[in-house]
Amino acid sequence: MSNNIVLDKTYQFSIRIILLCKRLNEESKEYVLSKQLLRSGTSIGANTEEAVGGISKKDFIAKLSIAYKEARETHYWLRLLRDTDIINNEEALSMIRDCDEILRIVYSIIKSSKKGM
């Protein structure tokens with residue numbers, strides 16, 4: 001674990017996404033939606049990590065903005081999987097809550113970073 005809450009949360013969320021997608025592939029033979037979820041869900045953390053290593057404030061905001069968009073997409077895939085009964089409501093709600101928290105944190109960081117420009 002790092003001392004950066006957003007890096008830690010997005011990393012842990014990525015792990016949950018990977019494990020869910022692995023299970024969807026093995027148990028449900030669901031490959032198309034799980035691939036979309038895997039791509040967007042792990043991209044959140046990857047782009048957040050890139051943002052932290054950004055070479056300028058503009059670069060930092062741009063990468064975090066991508067992470068925010070990927071989190072929105074992930075939120076969509078999770079709702080879709082829940083509403084088609086591919087994953088159960090309880091599991092979906094837990095992951096959607098985590099995704100919502102990440103969205104709030106990332107948005108707040110983007111907003112406060114733009115104030116200083």
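Located above this text is the structure these notes cover.
A short tour of the structure in this document, coming up. (Residues numbered from 1 in each chain as written. Predicted model: local features only at pLDDT ≥ 70, side-chain atom pairs only at ≥ 80, totals over all residues. Heavy atoms only, no water.)

### Digging into the packing of aromatic side chains
For the record, the criterion: In this analysis, rings of Phe, Tyr and Trp, with Trp reduced to its six-membered ring, are considered paired at centre separations within 6.5 Å, and the interplanar angle assigns stacked below 30 degrees, edge-to-face beyond 60, and tilted for intermediate values. Helix and strand assignments follow DSSP, with helices taken as H or I runs no shorter than four residues and strands as E runs no shorter than two, numbered in order from the N terminus. Buried residues are those whose accessible area, probed at 1.4 Å on protein chains only, stays under 20% of the maximum for their type, while exposed residues exceed 50% and partly exposed ones sit between those limits.
Counted by the stated rule, this structure contains two aromatic pairs. Aromatic side chains Tyr68 and Tyr107 sit 5.9 Å apart centroid to centroid with 45 degrees between the ring planes, which places their arrangement in the tilted category. With a gap of 39 residues between them, Tyr68 in helix 3 (residues 57–83) and Tyr107 in helix 4 (residues 89–115) connect regions that are remote in the sequence. Accessibility expressed as a relative area gives 26% for Tyr68, which makes it partly exposed. Residue Tyr107 is classed as partly exposed on the basis of its relative accessible area of 44%. A centroid spacing of 5.1 Å and a plane angle of 70 degrees characterise the contact between Tyr76 and Trp77, whose relative ring orientation is edge-to-face. We classify Tyr76 as partly exposed; its relative accessible area is 39%.

### What to know about the state of the cysteines
The condition is simple: The criterion for a disulfide is a pair of cysteine sulfur atoms lying within 2.5 Å.
The final tally for this structure, using the stated rule, is zero disulfides. Cysteine Cys21 is unpaired, with the sulfur of Cys99 as its nearest cysteine sulfur at 13 Å. We classify Cys99 as buried; its relative accessible area is 0%.

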